[in-house]
Amino acid sequence: MKKSLLISFIGIAALTLAGCQSTDDSQKNKEVKNISSKAVTIVDGRGKEVVLEDGYAKNFVLFPNEGTEMFSITQSVEPFLGMRKSDQDSNIAGGVVAKYYPEILEVNSNIIDAEGDAPNVEEILKLNPDVVFQWSSAEAKIKPLEDVGIDVVALNWGTYKDDVERYTLYGQALGMQDRVEAVLAHHEKAKKAVLSVTEKLTEAERKNHVFVSHVNENQMNVWGTELPHTPVHKVENAAFTEGKITNKDADINAETLLQWDPDMIVIGEWAKEITPDYFYNHPVLKNLTAVKEKRVYKSPTSSLLDNPGISWYFYAVLSHPDKFEGFDMRKQVREDYKMLYNIDVTEEDIDQILNVAENKNSKSFELFMQ
């Protein structure tokens, strides 16, 4: 998920945190800040009621590597009190959002314990956030925060339904339900447009696709399109994966990939060291159908979550260019970045977002170029 195995693929917004004070002074500050606000109750991804005693959250600490997802709602860095350094460095730095909002790279990233991946409770108490967002699967990383009175909203990740739920929780926590509904309506418009084409495809027309997350010598980490967290899955019927992957991902070797022999290979844009040329010049993998037909692509740098329209069109159009005659991907990028991030992108920005330099020699990619 640009994200270390997507995984990463997923991130979040802000809630109000009532018991997050480490000193009498911080308690007084919290009381002064929201003394007249009504409490807000939210049922989070665990099914747990989280009561924000001071009302809607004005700020937050974000643990998932999904800073741009949250930014697509806030359109401001001001509510960000803390976020992961790995998100700033791997997913945001050097990208278009950071170009126009460089302050997102200055958000406090000292939220992880130096010993590993546990929360730095002492530092988070100093930040005095209204709420902390964390994945629901990380109970061991939630409990230390709740034990000191910090409100934590847990989020689910994996399916498109989880994406919608997560956005909804953001809106409920921040008091930005209208903005969240507008973002989700924008996503739904793109999804319906893509599905109006892909849902009519026959089994024979579907593409045998492999999504490559990382490569390490003779092994590569791949995701399968049968899995709910894979971006192609969210464009129902556009593609499939010959190799059935029952876990979130699988480590395979070149021989296995040759057996699957995909029609199309997409490389996660976070895999900085891998480009289509890696496959085109590989002494063994050059025998794959996808490589022979030049159907290897680097995925867009836009987030798979907060900007799914670009990803959906990317997969669908390149899988079936004859079915999307007249579609203008660059216009789609301009509209998406304006609506989601309030950015008027340049032609150079669009080239960067679509990884034109890496993809320019791949089949049909001229459809996305200037």
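Note that this is a predicted model, so its numbers are computed, not measured.

The secondary structure content of the protein amounts to 15 helices and twelve strands. Expressed as a percentage of its 370 residues, the buried residues of the protein come to 57%. On the protein, roughly 15,300 Å² of surface is accessible, and the fraction owed to carbon and sulfur atoms is 47%.

This part takes up the sheet that holds strand S5 (residues 132-135). An order of S4-S3-S5-S6 is seen for the four strands of this open sheet, with the pairing classed as parallel. Strand pairing shows two members of the sheet lacking a second neighbour, strand S4 (80-83) and strand S6 (152-155), which therefore form its edges. Looking at each pair of strands side by side, their axes are set apart by 25 degrees on average, direction ignored. Pairing of strand S3 (residues 60-62) with S4 involves three bridges; the strand directions are parallel. What sits directly across from Leu62, in S4, is Met83. Here helix H7 (residues 160-174) sits on the sheet and contacts S3, S5 and S6; the angle it forms with S6, its principal contact strand, is near 160 degrees.

Compared with an ideal rise of 1.5 Å per residue, which puts 13 residues at 18 Å, helix H13 (residues 329-341) spans 18 Å between its outermost C-alpha atoms and is within 8% of the ideal. Taken residue by residue, H13 has Met329, Arg330, Gln332, Val333, Asp336, Tyr337, Leu340 and Tyr341 as its buried positions. An end-on view of H13 places all buried positions within 150 degrees of arc, on one side of the element. At its buried positions, H13 is contacted by helix H2 (67-74), helix H4 (96-100), helix H8 (177-198), helix H12 (308-319), helix H14 (347-353) and helix H15 (356-359). Asn342 lies just past H13 and shows a positive phi near 60 degrees.

Tracing the chain through its elements places Glu69 in helix H2. Judged by relative accessible area, Glu69 falls into the buried class, the value being 0%. Only 2.5 Å separates the side chain of Glu69 from the side chain of Tyr170, close enough to count as a polar contact.

Moving on, we come to the nonpolar core. Within the largest apolar cluster, 65 residues are counted, with the highest numbers of intra-cluster contacts made by Phe80, Phe133, Tyr337 and Leu354. If you tally residues by element for this core, the top one is H12, at eight residues. Discounting chain neighbours no more than four positions away, the residues touching Tyr337 are Val96, Ser302, Asn307, Ile310, Asn342, Ile343, Val345 and Ile353. If you look at the next biggest cluster of nonpolar residues, it comprises 21 residues, including Ala250, Ile252, Leu257 and Ile265.

This paragraph deals with unusual backbone geometry. Even without being a glycine, Gln75 presents a positive backbone phi close to 50 degrees. By the secondary structure assignment, Gln75 is in the loop between H2 and S4. Taking the relative accessible area as the measure of exposure, Gln75 reaches 28% and is therefore partly exposed. A positive phi angle is found at Asn342, which is not glycine, with a value near 60 degrees. Looking at where Asn342 falls in the secondary structure, it is placed in the loop between H13 and H14. With relative accessibility at 40%, the residue Asn342 sits in the partly exposed group.

Once that is clear, we can look at the packing of H8 against H12. Between two packed helices, the angle of one axis relative to the other and the distance separating the axes together describe the packing. Taken N-terminus to C-terminus, the directions of H8 and H12 make an angle of 15 degrees; their axes are 9 Å apart at the nearest point. Considering their axes alone, H8 and H12 lie roughly parallel with respect to each other. Crossing angle aside, the handedness with which H8 passes H12 is left-handed. Contact residues: H8 offers His187, Ala190, Lys191, Ala193, Val194 and Thr198, while H12 offers Pro308, Gly309, Trp312, Tyr313 and Ala316. Here the residues of the contact of H8 with H12 are counted per class, giving seven nonpolar, three polar and one charged.

Let's shift gears to the confidence of the model for the protein. Counting all residues, the mean pLDDT for the protein is 83, and 82% of those residues have values of 70 or more. Confidence drops under pLDDT 50 across residues 1-36; counting only partners more than four residues distant or on other chains, this segment forms 158 contacts.

With that settled, the discussion passes to the pairing of strand S1 (residues 40-43). Because side chains alternate across S1, one face comprises the buried residues Val40 and Ile42, and the other comprises Thr41 and Val43, none of which is buried. Pairing of S1 with strand S2 (residues 49-52), which is carried by four bridges, proceeds in the antiparallel orientation. Opposite Thr41, over in S2, you have Val51 as the bridge partner. Between S1 and the antiparallel strand that follows it, S2, lie five residues; Gly47 among them carries a positive phi value of about 80 degrees.

For the rest of this paragraph, the subject is the pattern of salt bridges. Taken as a whole and judged by the stated rule, the model has 17 salt bridges. Between Lys99 and Asp349 there is a salt bridge whose closest N-O contact spans 2.8 Å. Pair noted here: Lys99 is in helix H4 and Asp349 is in helix H14, with a separation of 250 residues, a long-range link. Assessed through its relative accessible area of 48%, Lys99 is described here as partly exposed. Asp163 is paired through a salt bridge with Arg166; the nearest N and O atoms lie 2.9 Å apart.

The rules behind these values
Residues numbered from 1 in each chain as written. Predicted model: local features only at pLDDT ≥ 70, side-chain atom pairs only at ≥ 80, totals over all residues. Heavy atoms only, no water. Helix = DSSP H or I, 4+ residues; strand = E, 2+ residues; numbered from the N terminus. Buried < 20%, exposed > 50% of the residue type's maximum accessible area, 1.4 Å probe, protein only. Areas by Shrake-Rupley, 256 points an atom, 1.4 Å probe, with all protein chains shown as cover. Pairing = 2+ DSSP bridges. Axes fitted to C-alpha atoms, helices over the stretch in contact; angles between N-to-C directions. Contact = heavy atoms within 4.5 Å. Expected span 1.5 Å × (residues − 1). Arc of directions from axis to C-beta. Polar contact = N/O pair within 3.5 Å; in protein donor to acceptor, adjacent residues only side chain to side chain. Core = buried A, V, L, I, M, F, W, Y, C linked by side-chain atoms within 4.5 Å. Parallel < 35°, antiparallel > 145°, perpendicular 65-115°, else oblique. Left-handed = near helix turned anticlockwise from the far one by under 90°. Nonpolar A, V, L, I, M, F, W, Y, C, P; charged D, E, K, R; others polar. pLDDT = per-residue confidence, 0-100. Salt bridge = Lys/Arg side-chain N within 4 Å of Asp/Glu carboxyl O.

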